[in-house]
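# Descriptive structure summary
The residues making up each chain are set out below.
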Amino acid sequence: MPFDFAAVAVPFRMQPGLRRLPTGAAQLTPNRPGDAALAAKLKVLQHHADEALLQVPGFDAAPMLARLEAHAAQEHPQALACSAQELAAPLLGWSLRGEAVHGDGDPFIGAVLQALPPPWRRAGLLALAFAEDFAILDGAGATIPWLAVCLPSHWSPRQKVGRHFAEVHAPVADNRVLLAASDHLARLVTGAERWERFVWTVSSDGALDHHPARTVLPPWPADADAAALVAQAWFRTERQTFIPAPELGQAVFTIHVEARPLAEAISTTEQAARLHEAIASMSAAVLAYRGLTDARERLLAWLAAWR
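This section reports on the structure supplied with the text. If you're wondering where the values come from, they're calculated on a predicted model, not measured in any experiment.

### Description of the sheet that holds strand β5 (residues 94-97)
In any sheet, the strands associate via hydrogen bonds between backbone groups, in a parallel or an antiparallel arrangement. Taken together, 4 strands build an open sheet; the order of strands is β3-β4-β5-β6 and the sheet is antiparallel. Two strands close off the open sheet at either side, each with one partner strand: β3 (81-82) and β6 (100-103). Sheet topology places β5 next to β6; 4 bridges connect them, and they run antiparallel. Across the sheet, residue Leu96 finds its bridge partner in β6, namely Val101. In this fold helix α4 (residues 107-115) packs onto β5 and β6, with an angle of close to 30° to the strand it touches most, β5.

### A few points about the environment of Ala62
With respect to the element layout, Ala62 can be found in helix α3 (residues 62-75). Under the relative-accessibility criterion, Ala62 is labelled partly exposed at 45%. Considering only alpha carbons, one finds Ala62 and Ala224, 162 residues apart in sequence, at a separation of 51 Å.

### Remarks on the packing of aromatic side chains
All chains considered together, the criterion is met by 8 aromatic pairs. On the numbers, 6.0 Å between centres and 35° between planes, the contact of Trp200 with Phe235 is tilted. One end of the pair, Trp200, is in strand β9 (residues 195-203); the other, Phe235, is in strand β10 (residues 234-245), with 35 residues separating them in the sequence. Here Trp200 falls in the buried class, since its relative accessible area comes to 5%. Centre to centre, the rings of Phe242 and Phe253 are 4.9 Å apart; their planes meet at 20°, and the pair counts as stacked. One end of the pair, Phe242, is in strand β10; the other, Phe253, is in strand β11 (residues 250-261), with 11 residues separating them in the sequence. Per residue, the accessibility class of Phe242 equals that of Phe253, and both read buried.

### Points about the sheet that holds β11
Strand order in this open sheet of 7 strands is β1-β9-β10-β11-β7-β8-β2, and the pairing throughout is antiparallel. Lying at the two open borders of the sheet, with one neighbouring strand each, are β1 (19-20) and β2 (53-55). Inspection of the sheet shows β10 paired to β11 by 12 bridges, in the antiparallel sense. For Arg236, the partnering residue across the bridge sits in β11 and is Ala259.

### Considering the side chain of Gln240
Mapping Gln240 onto the fold places it in strand β10. What makes Gln240 buried here is its relative accessible area of 7%. Other than its neighbours up to four places away in sequence, Gln240 contacts Trp195, Glu196, Arg197, Val199, Phe253, Thr254 and Ile255.

Criteria and cut-off values
Residues numbered from 1 in each chain as written. Predicted model: local features only at pLDDT ≥ 70, side-chain atom pairs only at ≥ 80, totals over all residues. Heavy atoms only, no water. Pairing = 2+ DSSP bridges. Helix = DSSP H or I, 4+ residues; strand = E, 2+ residues; numbered from the N terminus. Contact = heavy atoms within 4.5 Å. Axes fitted to C-alpha atoms, helices over the stretch in contact; angles between N-to-C directions. Buried < 20%, exposed > 50% of the residue type's maximum accessible area, 1.4 Å probe, protein only. Phe/Tyr/Trp six-rings, centres within 6.5 Å; stacked < 30°, edge-to-face > 60°.

Set out below in structure tokens:
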């Protein structure tokens, strides 16, 4: 789903920004060979699977994974098929029968799946079949006991697994509203309704994997004018949704990361004006947290002159 510029809050505020999903709205995005998200996830699962696939000891993720698989198979039957005996990703040409890897698709995909610990292969195939990352949210404790996150945005999944929702958002600048609403939000998104939210930033790097131990953002060039700086800027967005299982008091949290050159992401004067007002209203703390302090004035100048 394209980023919805209506989600750019003006003035800018760190807030939940949840909205109900319309009936029938898709929550997942199938990966196909050659897709950027698939390539980035394969690289992470090949070299850093233990930093992406995590759970609290003793937590049983099977019921929620079954819910995710059923949802995915119903929403995108061409991308996932599941049964008691087999989980198949037809677009990738690979499947699991029990914990055994089968298929004739790209051999690299099969090798990455084969190298995963057998109990994690099912989650690994799900992660590769779709562009979204996944986490399980437990409503009762407002905790995140399970993660399959390959493409984080400047946070470490290992530091978040098992933590309270408020602790997860503790490092975020100007986070008072988010922290105060944490328990209520956890109960809300694990209820009967489906919800989505969008988040965004402007980045000096277009890679999808922004794990802090694997990605160091290049500094904004001090001697570049507004046009030259924007030529190196990326509009990084996340569409986040919740697939609830109210009878379990849990939900699957989905995160779809995309990055486009900023100059291509803006296509109307209304979008440029909205982004200008949002960045202009960011606090110093938010600008520093997002790495935009040195770029702010030049971004504003470019957006103000956009045609």
